[in-house]
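# Breakdown of the fold
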Amino acid sequence: MILAALDFQTFSDALGLGAIYALMAVGIGLVFGVLRLVNFAYGQLVMAGAYTLAFTSNWPAAWSIGACIGVVVALSLAMEVAVFRPLRGQSPAVMLVTTFAISFLLQAIALIVDLRDDTLGEVAASLTSLNAPVTIAGAEVRKITLVSIGVAAGALLLLALLLAKTTIGLHTRAAASDFRTARLLGVRANRVIAFSVVLAGVLAALVAVMMTVTLPLVTPDFALHDTIIVLVGVVVGGIDRLWTATLGGFTIGFVSGVLNGVLPTDKTVYLPSAVFALVILVLLLRPAGLFAWGRRAAFERV
Amino acid sequence: MTRRLDVVVQLAGPLLLVVAVGLFSTTVSPSNEVYFLNSLVSVAIVVSIYVFIGNSGVLSFGQISFVAVGAFASGVMTVPLESKQGVLTTLFPLLRDHTIGNVPSLALAAALGGLFAFVVGLPLMRLNGLAAGIATFAVLEITHNVLQQWTKIGPGATTLSLVPESTGPLQGTLGAIVVIVVAFAYQRSRFGRQLRASREDAAAAAGVGVGVHLQRLVAFTLSGALAGFAGGLLVHQLGSITTDQVYLELTFLTLAMLVIGGATSLWGAVVGALAVSGLDSFLSQAEQGVHVLGHRLDLPSGTRLVFLAAIMALVLILRPTGLTGGRELRLPRWGK
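Note that this is a predicted model, so its numbers are computed, not measured.

## Looking at the overall build of chain A
The helix and strand tally for chain A stands at twelve helices and four strands. On C-alpha atoms alone, chain A measures out to a radius of gyration of 19 Å, which is about the 19 Å that the 2.2 N^0.38 rule sets for 302 residues. Principal-axis analysis of the C-alpha atoms gives chain A an extent of 55 × 45 × 35 Å. Counting only residues that meet the buried cut, chain A has 47% of its 302 residues in that class. Considering only contacts within chain A whose residues lie at least 6 apart along the sequence, 76% involve residues at least 24 apart.

So this is what it looks like as structure tokens:
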């Protein structure tokens, strides 16, 4: 019965959501790889990008997107210099709680900026034409879905090439697998971290561009809920490696897209409980991540 | 001799602070009393969280679930019968047709919080690090979802109101004292010491015979019971409550209080809770204009959250071990 309701439209929308969440997962995973820091404030980078798009919505679309990327990358670098750098080597709890505080701070600032015109929310409308459907093989698909999937695939491919083929990419991978040894062998810590932070910023800007097409009303809590879901997906997938984290992000986006589209609304009231019960089950069975294979000791010695 | 004095100071310091706040709350106007009661309840919640996170070193985002269970159990059971049958009509008959007193409702909150934590902790205490964090977060999500939807056990998505406001200065102070004393007794007990050993080095502790999972379960259950009790205090302070008030924001705020104070000591939990809630109260007063040292301080509205978040971030960046450095209170030593 459930499968019968899964039409092509729902399937493609879920793929689109999965693609966006995969990009967020990469952004969170890249920074975690080199800094061992879970950046809860990642969603506020997306939010800042979305506000930039809203405030520049009377500019030509390309300029607006350029401004969005510029602002988000600058904010991402500022976060690294002002917050992540002093926290290097602190316990994960301290780093995570500090990024909560940064997340609150950015939301509070956004609220003040937003309320200058006395109404909550700004509209980012320059790309809403992408919501129009196109017909593929007899089924209607929104253009933004195709764009999301295309952008995500392109960005992931480009990222894979960057990490695999360039020197800085090699250094980043080395730093992600063992930071101290990598530094001993001449990898410059600040450079690989800046590299990862800039990449994460670019990805957040792309996410902002694609999310505002579906949700043009930008508020201070824009992307907050999505960040939480992606974080869950990243840990369930396996945060220690970039590709398992990405797959985790994609999976949770795709699954929530399918379930939301398929189940009738009166049946979805306990859906969050069911999904999170599943999350607990997966974590109990595979604490290192659903897609992370290989044995681990009960307590890590290092 | 000195050692015994140290122990006395470690317990007396937090207690004196709480008593001072409680006494002070009786000297201010009723409209300001709420700030002091808030901070007393915050102390109870943060110390209950500390019992698990501080002693075990395992991150949990789930302790507010137990606060929520305690708050709603205690709240639903103390709404006066005559109004209850009018507003909470969908409840199970057992809950709808009975009402209990203030103190029994706090005991019920503690019992349910502890029971819930034990059931949840049984499977979850095997997890470490981020997996533990996300799994306990999932518990919070499930608790919130069920409390918001299941109208047979509570008000569902509507506000639970008409709860007797029995948490005044006396009950707030006594409640915080009970939580602190239990937390202190636990951390000095055999169980507490074993768990703290596992926090420093889980493998070494397991090697000398500490049952790490069992000790974590003990702390998790105790923390759940105290959190349930604190939830009871909270609902009796507010008088009305929604499920969103015991959810993400409270989780982040109380965790921030714990880490800012210094997560590895009871003194840190108490200082963090009082410092952050005090700062919050001061800033919300300053938004309406307040006199400080002869100057009038008038913050534009909306800046309270900016200042609060910025100061929290600054403390964490400049002093990551918290205001107390994660140490218990001790007298300064001379000649050594």
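Read on for the rest.
## Considering the interface of chain B and chain A
Contacts between the two partners involve 33 residues from chain B and, on the opposite side, 35 residues from chain A. Put simply, the parts of the chain that give the side of chain B that touches chain A at least two residues each are α7 (129–149), α10 (202–207), α12 (248–261) and α14 (303–318) of chain B. Of the residues forming the side of chain B that touches chain A, the biggest block, ten residues, is contributed by α7 of chain B.

## Considerations on the environment of G172 of chain B
Residue and element names in this part refer to chain B. Along the chain, G172 turns up in helix α8 (residues 169–188). In this structure G172 comes out as buried when scored by C-beta crowding, with 27 C-beta atoms within 10 Å. In this structure the C-alpha to C-alpha distance between G172 and L40, which are 132 residues apart in sequence, comes to 5.8 Å. Apart from the residues lying within four places of it in its own chain, the contact partners of G172 are G22, L37, L40, V41, T167, L233 and Q237.

## Quick word on α14 of chain B
Owing to its 3.6 residues per turn, the α-helix brings residues three or four apart onto one side. Taking 1.5 Å per residue as the helical rise, α14 of chain B with its 16 residues ought to reach 22 Å, and the 22 Å between its terminal C-alpha atoms agrees with that figure. Within the span of α14 of chain B, buried status applies to R304, V306, L308, A309, M312, A313, V315 and L316 of chain B. Considering only its buried residues, α14 of chain B is in contact with α4 (61–87) and α5 (92–114) of chain A together with α12 and α13 (266–286) of chain B.

Thresholds, definitions, all that
- Residues numbered from 1 in each chain as written.
- Chains lettered and ligands numbered in written order.
- Predicted model: local features only at pLDDT ≥ 70, side-chain atom pairs only at ≥ 80, totals over all residues.
- Helix = DSSP H or I, 4+ residues; strand = E, 2+ residues; numbered from the N terminus.
- Rg over C-alpha atoms; globule rule 2.2 N^0.38 Å.
- Buried ≥ 20, exposed ≤ 12 C-beta atoms within 10 Å, placed from the backbone.
- Contact = placed C-beta atoms within 7 Å.
- Expected span 1.5 Å × (residues − 1).

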